[in-house]
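# Coordinate inspection notes
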There are 2 protein chains.
Amino acid sequence: MTKKELILQVATVFFSKNGYFETPMSDLSKKTGVAESTIFYHFKSKENLFIAILERVKDDIIKEFEGYMTEKEFDSGLDMVEVAVSFYLYLAGKMENQFLLLHRHYPYKLAEINPVCRAHLESIYDCLVDIFERGVLLGQKDGSIGNMPTRKVALIIFSMVDGISRFKTYNLYDAGALYNQLIESCRRILKNDKSE
Amino acid sequence: MTKKELILQVATVFFSKNGYFETPMSDLSKKTGVAESTIFYHFKSKENLFIAILERVKDDIIKEFEGYMTEKEFDSGLDMVEVAVSFYLYLAGKMENQFLLLHRHYPYKLAEINPVCRAHLESIYDCLVDIFERGVLLGQKDGSIGNMPTRKVALIIFSMVDGISRFKTYNLYDAGALYNQLIESCRRILKNDKSE
DNA sequence: ATACTGACTGAGTGATCAGTCAGTATTTAA
DNA sequence: TTAAATACTGACTGATCACTCAGTCAGTAT
């Protein structure tokens, strides 16, 4: 592994676990065994290092999600939404550090002054909400989901799932124990009353 | 207003708007017009100042919520949950800074090593989720809400509402535009299918 | 052999940080 | 009036921060 790659990986863990301002460059230097000045050689500044990490987080999450959802086949639109919800929770566990980074406040603060950061964040959220929305649209066509504003209901499903995954991040409640109830709640929100 | 009170109010805004590590004590000194050492005289340390702020946030939120919910009368348990959801969104707007503070990562990080901090956070979340749960329980008695695990469904409603209010915090989406769909989603989640 | 390049480093630097402290003002109480 | 307690402050400190820079070194093209 190149030193640049090593720095990226170690910094991802530190920035997510401890936070951006709480991790001095000296910590990254110590943990990687790379000189502090080498980090600046590769990334120019601390903020730039963060952007590089965020870009990789974006690429990884989108690749994982799009990859899984496109190769899978679904019984119905409702099924697709349920699969997306499950996969979101699975991914939040598998890519714990990357999701933790997105659950912190710093990226959104930086996004206010750094357009590249803002673009990365928007890409991630657009990708995720789009997948839920595509499921809703499909479900409305095949009759498994009722007639309701697609984007709005996709956002609500997303905020519900993300909120549950946040419980785990913050050590507040056990997200796994809520899984069945979460899926049941999605079904109830999306159910098509008019058919049958 | 006493200087101690002034420090508390200014620090609340700075810690929520800019973050804990991003606000040096010198900024608080400048904004309040109080000497930096005076802040340490009253609060001993920066961390202690934060705890004092969090305690006030806890008291304010619980007072507002319990006060509003106990004096109000409800048509049904379902109505009570809907009122709680609406009031939560209203309060997140009215007490923007206090809620923003709770949407940051620092309190939860501090809670891992500071038991007083952890206790305050737990008080806040217990109070909020309890109110939703009381509504669900009431609804299950009066038949307006179906038979489902009360605590779990209360947590799901809470995570959904909190997620929506977070959209506003992060400038991602317009929370107000989702209000109607949110209430509708709550009704669908809680609906009693078996009656009538 | 020479010239050049990119990767890398140790030794700094000025700025900024939270916190201290000796001393001064103000209030309170006897 | 005075003594004690409380409120407050400016000047300081040592630690830590992100970042710089002159220079080393291995590889590579000419």
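Described below are features of the structure shown in this document. Since we're looking at a predicted model, the values are computed, not measured. (Residues numbered from 1 in each chain as written. Chains lettered and ligands numbered in written order. Predicted model: local features only at pLDDT ≥ 70, side-chain atom pairs only at ≥ 80, totals over all residues. Heavy atoms only, no water.)

Quick look at the protein's contact with DNA strand C now. Residues in contact with DNA strand C amount to 16 residues; listed here are only the nearest, Ser-37, Thr-38, Tyr-41 and His-42 of chain A together with Lys-46 of chain B. One nitrogen or oxygen atom from the main chain of Ala-35 of chain A is found 3.1 Å from a phosphate oxygen belonging to DNA strand C. Lys-46 of chain B has a polar side-chain atom sitting 2.6 Å from a phosphate oxygen of DNA strand C. For the surface near DNA strand C, the secondary structure elements donating two or more residues are helix H3 (36–43) of chain A together with helix H2 (25–32) and helix H3 (36–43) of chain B. For the surface near DNA strand C, the leading source of residues is H3 of chain A, giving four residues. Among the residues forming the surface near DNA strand C, the class breakdown is six nonpolar, seven polar and three charged. (Near = heavy atom within 4 Å. Polar contact = N/O pair within 3.5 Å; in protein donor to acceptor, adjacent residues only side chain to side chain. Helix = DSSP H or I, 4+ residues; strand = E, 2+ residues; numbered from the N terminus. Nonpolar A, V, L, I, M, F, W, Y, C, P; charged D, E, K, R; others polar.)

Let us now look at the protein's contact with DNA strand D. In the vicinity of DNA strand D there are 16 residues, among which Lys-46 of chain A together with Ser-37, Thr-38, Tyr-41 and His-42 of chain B approach most closely. A share of 60% of the atoms of DNA strand D within 4 Å of the protein falls on sugar and phosphate groups. Take Lys-46 of chain A: an N or O atom from its side chain is 2.6 Å from a phosphate oxygen of DNA strand D. Tyr-41 of chain B is positioned such that a nitrogen or oxygen atom in its side chain is 2.7 Å from a phosphate oxygen of DNA strand D. Elements with a minimum of two residues in the surface near DNA strand D: helix H2 (25–32) and H3 of chain A together with H3 of chain B. The element best represented in the surface near DNA strand D is H3 of chain B, accounting for four residues. Its residues assigned to classes, the surface near DNA strand D shows six nonpolar, seven polar and three charged.

Counted under the stated rule, the structure contains 34 aromatic pairs over all chains. Centre to centre, the rings of Phe-15 of chain A and Tyr-20 of chain A are 5.2 Å apart; their planes meet at 55°, and the pair counts as tilted. Both residues of the pair, Phe-15 of chain A and Tyr-20 of chain A, belong to the buried class. A ring pair is formed by Tyr-20 of chain A and Phe-50 of chain A, whose centres lie 5.6 Å apart and whose planes are at 80°; its orientation type is edge-to-face. Placement of the pair is Tyr-20 of chain A in the loop between helix H1 (3–17) and H2 and Phe-50 of chain A in helix H4 (residues 46–71), with a sequence separation of 30 residues. Aromatic ring contacts, followed pair by pair, group Phe-65, Tyr-68, Phe-87, Tyr-88, Tyr-90, Phe-99, Tyr-108, Tyr-125, Phe-132 and Phe-158 of chain A together with Phe-167 of chain B into a single cluster. Positioned above the aromatic ring of Phe-43 of chain B is the side chain of Lys-4 of chain B, whose terminal nitrogen or guanidinium carbon lies 5.8 Å from the ring centre. A cation sits over an aromatic face here: Lys-46 of chain B above Tyr-20 of chain B, 4.5 Å from the ring centre. (Phe/Tyr/Trp six-rings, centres within 6.5 Å; stacked < 30°, edge-to-face > 60°. Buried < 20%, exposed > 50% of the residue type's maximum accessible area, 1.4 Å probe, protein only. Lys NZ or Arg CZ within 6 Å of the ring centre and 35° of its normal.)

Quick look at helix H5 (residues 77–94) of chain B now. In this model, H5 of chain B (18 residues) spans 25 Å end to end at C-alpha, consistent with the 26 Å of a helix rising 1.5 Å per residue. Counting buried positions along H5 of chain B gives 14 out of 18 residues, so the element sits mostly inside the fold. (Expected span 1.5 Å × (residues − 1).)

Residue and element names in this part refer to chain A. Here Arg-104 is to be found in the loop between helix H6 (96–102) and helix H7 (106–111). No salt bridge is formed by the buried Arg-104. Its closest oppositely charged neighbour is Glu-22, at 4.6 Å. A distance of 3.4 Å separates the side chain of Arg-104 from the backbone oxygen of Phe-15, its partner in a polar contact. (Lys, Arg positive; Asp, Glu negative; His and termini not counted. Salt bridge = Lys/Arg side-chain N within 4 Å of Asp/Glu carboxyl O.)

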